[in-house]
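The chain contents come next:
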Amino acid sequence: MDERLKVNYAGLELRSPIILASSGITKAYENVAKADKYGAGAVVLKTKFEEELMAHSPTPRFTIIRRGKGDYTSTTNMSYEQGYEFSIDDYCDEIRRMKADLEIKVIASIGCSTKECWAEWAKKVEAAGADAIEMNLSCPHSDYVMGNTGRINDFIAEMTPVVKGAVSIPVFTKMTPQIENPVFTAKVMEAAGSDGITAFSRCLGMDIDIENQVPVLHGGYGGHGGPWSIHYALRWISDMYTKTELPISGCGGVVEGDDIVKYILAGSTTVQVCFLIYTYGYSIIEKLNEGLLAYMDKHGYKSVEDFRGIVTGSKIKMLKDVDRTKTLIASIDENLCVGCGRCTDICIFDGISFDPEKKKAFINAKCDGCALCPCFCPRKAISMVKR
Ligand SMILES: Cc1cc2nc3c(=O)[nH]c(=O)nc-3n(C[C@H](O)[C@H](O)[C@H](O)COP(=O)(O)O)c2cc1C
Ligand code: SF4
Ligand code: SF4
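Residues numbered from 1 in each chain as written. Chains lettered and ligands numbered in written order. Predicted model: local features only at pLDDT ≥ 70, side-chain atom pairs only at ≥ 80, totals over all residues.

Overview of the overall build of the chain
- Within the chain one finds 12 helices and 21 strands.
- Taking the principal axes of the C-alpha coordinates as reference, the chain spans close to 80 × 55 × 40 Å.
- Here the chain holds 387 residues, and 42% of them are scored as buried.
- Intrachain contacts of the chain at a sequence separation of at least 6 include 71% that bridge at least 24 residues. (Helix = DSSP H or I, 4+ residues; strand = E, 2+ residues; numbered from the N terminus. Buried ≥ 20, exposed ≤ 12 C-beta atoms within 10 Å, placed from the backbone. Contact = placed C-beta atoms within 7 Å.)

What about the pairing of strand 15 (residues 222-225)?
- Of the two faces of strand 15, the one lined by Gly222 and His224 and the one lined by Gly223 and Gly225 are each fully buried.
- Bridging between strand 7 (residues 72-79) and strand 15 involves 3 bridges; their strand directions are antiparallel. Residue pairing across strands places methionine 78 opposite histidine 224, the latter belonging to strand 15. (Pairing = 2+ DSSP bridges.)

Regarding the site of ligand 1
- With respect to spatial proximity, 26 residues lie near ligand 1, and among them Ala21, Ser22, Ser23, Cys274 and Phe275 are the closest.
- Among the secondary structure elements, those contributing two or more residues to the shell around ligand 1 are strand 15 and helix 9 (275-280).
- Of the residues contributing to the shell around ligand 1, the split by class is 8 nonpolar, 14 polar and 4 charged. (Near = placed C-beta within 6 Å. Nonpolar A, V, L, I, M, F, W, Y, C, P; charged D, E, K, R; others polar.)

With respect to the environment of tryptophan 121
- Turning to its location among the elements, tryptophan 121 is positioned in helix 3 (residues 115-128).
- Given 23 C-beta atoms within a 10 Å radius, tryptophan 121 is considered buried.
- C-alpha separation for the pair tryptophan 121 and glycine 369, spaced 248 residues apart in sequence, amounts to 58 Å.
- Setting aside residues up to four positions removed in sequence, tryptophan 121 forms contacts with Lys48, Ile88, Ile110 and Cys112.

Description of the site of ligand 3
- Surrounding ligand 3, one finds 13 residues, the nearest of these being Cys347, Gly351, Cys367, Cys370 and Cys373.
- Among the residues forming the shell around ligand 3, the class breakdown is 10 nonpolar, 2 polar and 1 charged.

Brief notes about the packing of helix 2 (residues 88-101) against helix 3
- Between helix 2 and helix 3, the least distance of the axes is 8 Å, while the angle of their chain directions is 25 degrees. Classified by the interaxial angle, the pair formed by helix 2 and helix 3 is roughly parallel. With respect to the hand of their crossing, helix 2 and helix 3 are arranged in right-handed fashion. Contact residues: Ile88, Cys92, Ile95 and Arg96 in helix 2; Trp121, Lys124, Val125 and Ala128 in helix 3. (Axes fitted to C-alpha atoms, helices over the stretch in contact; angles between N-to-C directions. Parallel < 35°, antiparallel > 145°, perpendicular 65-115°, else oblique. Left-handed = near helix turned anticlockwise from the far one by under 90°.)

Focus on the sheet that holds strand 15
- Taken in spatial order, the 4 strands of this open sheet run 6-7-15-12, and their pairing is antiparallel. Each edge of the sheet is formed by a strand with only one pairing partner; in this case those strands are strand 6 (62-69) and strand 12 (203-205). Along the sheet, successive strands turn relative to each other by an average axial angle of 40 degrees, direction set aside.

Some remarks on the domain arrangement of the chain
- Along its sequence, the chain is organised into domain 1 (3-315) and domain 2 (323-386).
- A straight line from the C-alpha centre of domain 1 to that of domain 2 covers 43 Å. (Domains from an automatic or database assignment.)

Some details on the nonpolar core
- In terms of nonpolar packing, the biggest core is built from 79 residues, with Val43, Ile107 and Ile133 touching the most fellow members.
- It is helix 7 (residues 230-243) that contributes the most residues to this core, 7 residues altogether.
- Setting aside anything within four residues of it in sequence, one finds isoleucine 107 in contact with Ala42, Val43, Val44, Leu45, Ala130, Asp131, Ala132, Ile133, Glu134 and Phe172.
- Membership of the second largest hydrophobic core comes to 11 residues, among which are Ala330, Ile332, Cys343 and Ile352. (Core = buried A, V, L, I, M, F, W, Y, C linked by C-beta atoms within 7 Å.)

Notes on helix 5 (residues 152-166)
- Given a rise of 1.5 Å per residue, 15 residues ought to cover 21 Å, and the 21 Å separating the end C-alpha atoms of helix 5 matches this to within 8%.
- All of the buried residues along helix 5 are Ile152, Ile156, Met159, Thr160, Val162, Val163 and Lys164. (Expected span 1.5 Å × (residues − 1).)

As for the packing of helix 5 against helix 6 (residues 182-192)
- Where helix 5 contacts helix 6, the two axes come as close as 8 Å, and the packing angle between them is 20 degrees. Relative to helix 6, the element helix 5 is oriented roughly parallel. Here the hand of the crossing between helix 5 and helix 6 comes out right-handed. Together, Asn153, Ile156, Ala157, Thr160 and Pro161 of helix 5 and Thr185, Val188, Met189 and Ala192 of helix 6 make up the contact between the two elements.

Next up, the structure:
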């Protein structure tokens, strides 16, 4: 492993900032051995929940929803996967095996409802050798998140000190995106003694089978995510970075090395990856590490620390700071335009006219400079130029 990828995450020395997120991809020794082989810095194990129902996943568990029209599409992974299937003692046995054989750092994930369970299980996973604990305060399926998002901050404030008081290894707190203000929740986590924030888990969503008139996948709400989900996380992490002292593990929507870079620029110390592994297998971790290194080479960075948090603080303009003078207008390269009419259809300002003789589109004085038409011209004939 390239030494430049090393990071220190709340005292944990990781060989790469890439962590495999809690889910089926980290459910057992065999899975974690693959993460180790392909160079992840750590794994967060599948969550062991106190709620008994949460140990039993149904089949099927997944569906991929591709929807939209032409240029306007999205890919969503919808899942109905519950927690670790077996007992807490089995969970600890797996940790012991991992720690005996593997180099990778192992972060246990537990999700409890009662203080007694949080404390007891935290002690057990620590005794089994876990390097850290991630408190799953975020599972969209679990009753204390799904049914009680309104009291999640109180729950974090109440339970985090219990786990902190029970163990001496780092304790991370995982945040649901289903909250009003993640910065506020980050401050709650900080005040409660968390050693690091994982942001984020997934939301509950629904798709509808319109013929049978029921929700898809077991007739209920499912966890949903996809490549699109990175943007919400980047926005809030960049804000948290300047408002809390805690290190952040960015999570959601990673599909390539550049996404790891984006999370670090937004202030993450580590980056968690989940559904990409379900989609491409564990070997993709190597590609993510390579992508990160390629970016570092290009910019001459010697360590991940060199560019962490660059796109935060004053790099992010507030509403009042944005220049509102209209400086741009679209321009069509006649040689490239094939007269397909796509741009004239979409311009809500009627800023594009059509020359029937030449069979070409051209920009008129009504163009507002919104820059939408270049995104859709199939011939890349439109560019934005100074007015
Ligand atoms: C099938 C599946 C199972 C998951 N199980 C857990 C879990 O047990 N505990 C947990 O904290 N997060 C769980 N998650 C959430 C992931 O850890 C991660 O936060 C989320 O998927 C966003 O990352 P991604 O966009 O890279 O998939 C699960 C996600 C998926 C897709
Ligand atoms: S979308 Fe492009 S190719 Fe089509 S008419 Fe407009 S400028 Fe020409
Ligand atoms: S830039 Fe916007 S306003 Fe101008 S022609 Fe294109 S779509 Fe219309």
